[in-house]
Amino acid sequence: MKVRAGFYRNFLLPKGKATLLTPDVLKEMQVEQERIEAEKKRVKEEAQQLARVFETIGAFKVPRKGGKGKQIFGSVTAQDLVDIIKSQLNRDVDKRLVEVP
């Protein structure tokens, strides 16, 4: 972005928050952008593969003590689901990615 020369010289440059745009810096930015895009693509493919695995398996059974009907004592947490996924599929899943309705 364009900034005034004094702002660049007195604030941005000494704090290391900005550099002048040179061909080398532009090339580095393009390489970094390509790396970020490749990482996003890899993560997306991995998530799609995991989604396909979940679709083939269907539902997971979580053992809990229950009362009459379909009421259970306690709750099913995201960590419970992560543990079941880990034991059945041998895959590590971050519990922050698991949502329990």
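Residues numbered from 1 in each chain as written. Predicted model: local features only at pLDDT ≥ 70, side-chain atom pairs only at ≥ 80, totals over all residues. Heavy atoms only, no water.

Further remarks concern the domain arrangement of the protein. Parsing the protein into structural domains produces domain 1 (1–58) and domain 2 (60–96). If you average the C-alpha positions of domain 1 and of domain 2, the two centres end up 37 Å apart. Note on domain 1 versus domain 2: buried area summed over both sides is about 510 Å², and carbon and sulfur give 76% of it. Taken as a group, L50, F54 and I57 account for 69% of the area that domain 1 buries against domain 2, more than any other trio of residues on that side. Where domain 1 packs against domain 2, one counts 0 salt bridges. The interface formed by domain 1 and domain 2 contains 0 residue pairs in polar contact (both at pLDDT 80 or more). Split into classes, the residues belonging to the side of domain 1 that touches domain 2 amount to 4 nonpolar, 2 polar and no charged. (Domains from an automatic or database assignment. Buried area = accessible area lost by both parts, 1.4 Å probe. Salt bridge = Lys/Arg side-chain N within 4 Å of Asp/Glu carboxyl O. Polar contact = N/O pair within 3.5 Å; in protein donor to acceptor, adjacent residues only side chain to side chain. Nonpolar A, V, L, I, M, F, W, Y, C, P; charged D, E, K, R; others polar.)

This brings us to the pattern of salt bridges. Counted under the stated rule, the structure contains 5 salt bridges. Across the salt bridge formed by E39 and R42, the nearest N and O atoms sit 2.6 Å from each other. Of this pair, E39 and R42 both sit in helix 2 (residues 23–57), 3 residues apart, which is roughly one turn of the helix. According to the relative accessible area criterion, E39 is partly exposed, its value standing at 35%. Here R42 falls in the partly exposed class, since its relative accessible area comes to 40%. Here K86 makes a salt bridge to D92, at a shortest N to O gap of 3.6 Å. Through salt bridges that share partners, E39, R42 and E46 make up one connected network. (Helix = DSSP H or I, 4+ residues; strand = E, 2+ residues; numbered from the N terminus. Buried < 20%, exposed > 50% of the residue type's maximum accessible area, 1.4 Å probe, protein only.)

Let us look at the UniProt feature "domain: Ribosomal protein L9" (unreviewed entry) in the protein. Under the feature "domain: Ribosomal protein L9" (unreviewed entry), the UniProt entry names residues 2–29. Split by type, residues 2–29 is 64% helix and 0% strand. Its first and last C-alpha atoms lie 17 Å apart. (UniProt positions renumbered as here; feature names shortened; annotations may be inferred.)

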